[in-house]
Amino acid sequence: MGFLLTRYAKDEEAPESETDVSSVAAEAFAALLAMPAAQLANVYPLDREHADGFRGLTGITLDLDRFDYFLEAVAD
């Protein structure tokens, strides 16, 4: 399983960018989202409660004032 971080400008429907964050283990993202790793099979919004943990896992800072972010689980 792989993972993409998709970024949307606020109030836009088309994504501005996608970043492959598959180097992070599913268990780490599952802990961040407070769910079992076996259930990671969808698209999950990331918000302020996830921002610090996401930065710690990926090194990516989420600019939540300007963008909406989603973590998407994708099949390999």
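The structure this text deals with has already been given above.
As the structure is a prediction and not an experimental result, all values here were calculated from the model.

Student: Before we go on, may I ask you to explain the pairing of strand S4 (residues 67-74) in this structure?
Tutor: A regular strand places its side chains on the two faces of the sheet in alternate fashion. In S4, alternate side chains face the same way, and those of Phe 67, Tyr 69, Leu 71 and Ala 73 are buried while those of Asp 68, Phe 70, Glu 72 and Val 74 on the opposite face are not. Both strand S3 (residues 43-46) and S4 contribute to a ladder of four bridges, which runs antiparallel. Bridging from a neighbouring strand, Leu 46 pairs with Tyr 69 of S4.

Student: What exactly am I supposed to notice about the nonpolar core here?
Tutor: Burial of nonpolar side chains together is a common tendency in soluble globular proteins. Formed by 20 residues in total, the largest nonpolar core has its most connected members in Phe 3, Phe 29, Leu 40, Leu 46, Phe 54, Leu 62 and Leu 71. For this core, the elements supplying multiple residues, two or more each, are strand S1 (2-9), helix H1 (26-33), S3, helix H2 (48-58) and S4. Here this core takes five residues from H1, the largest share from any one element. Not counting chain neighbours up to four residues away, the residues in contact with Phe 3 comprise Thr 19, Asp 20, Val 21, Ser 22, Val 24, Ala 26, Phe 29, Leu 40, Leu 71, Glu 72, Ala 73 and Val 74.

Student: Help me understand the environment of Ala 25 in this model?
Tutor: Here Ala 25 shows up in the loop between strand S2 (17-20) and H1. It is 9.1 Å that separates the C-alpha atoms of Ala 25 and Phe 3, two residues lying 22 residues apart in sequence.

Student: Any chance you could explain the packing of aromatic side chains here in plain terms?
Tutor: One pair of aromatic rings is described through two measures. These are the centre distance and the angle between the planes. Enumeration according to the criterion identifies four aromatic pairs in this entry. Summarising the aromatic geometry, the rings of Phe 29 and Phe 54 are spaced 6.0 Å apart at their centres and angled 20° between planes, so their arrangement reads as stacked. Of this pair, Phe 29 sits in helix H1 while Phe 54 sits in helix H2, and the two are 25 residues apart along the sequence. Like Phe 54, Phe 29 is buried. Feature note: the residues Phe 3, Phe 29 and Phe 54 constitute an aromatic cluster, connected by ring pairs.

Student: Mind showing me how you'd approach H2 here?
Tutor: Turn by turn, an α-helix covers 3.6 residues, leaving residues three or four places apart pointing in a common direction. Residues His 50, Ala 51 and Phe 54 constitute the buried set of H2. Each buried residue of H2 lies within a common arc of 115° when the element is viewed along its axis, so the set occupies one face. Away from its buried face, by an angle of more than 90 degrees, H2 presents the exposed residues Glu 49, Asp 52 and Gly 56. Buried positions along H2 lie against S1, H1, S3 and S4. One or two residues past the end of H2 sits Gly 59, with phi positive at roughly 80°.

About the criteria used
- Residues numbered from 1 in each chain as written.
- Predicted model: local features only at pLDDT ≥ 70, side-chain atom pairs only at ≥ 80, totals over all residues.
- Heavy atoms only, no water.
- Buried < 20%, exposed > 50% of the residue type's maximum accessible area, 1.4 Å probe, protein only.
- Helix = DSSP H or I, 4+ residues; strand = E, 2+ residues; numbered from the N terminus.
- Pairing = 2+ DSSP bridges.
- Core = buried A, V, L, I, M, F, W, Y, C linked by side-chain atoms within 4.5 Å.
- Contact = heavy atoms within 4.5 Å.
- Phe/Tyr/Trp six-rings, centres within 6.5 Å; stacked < 30°, edge-to-face > 60°.
- Arc of directions from axis to C-beta.

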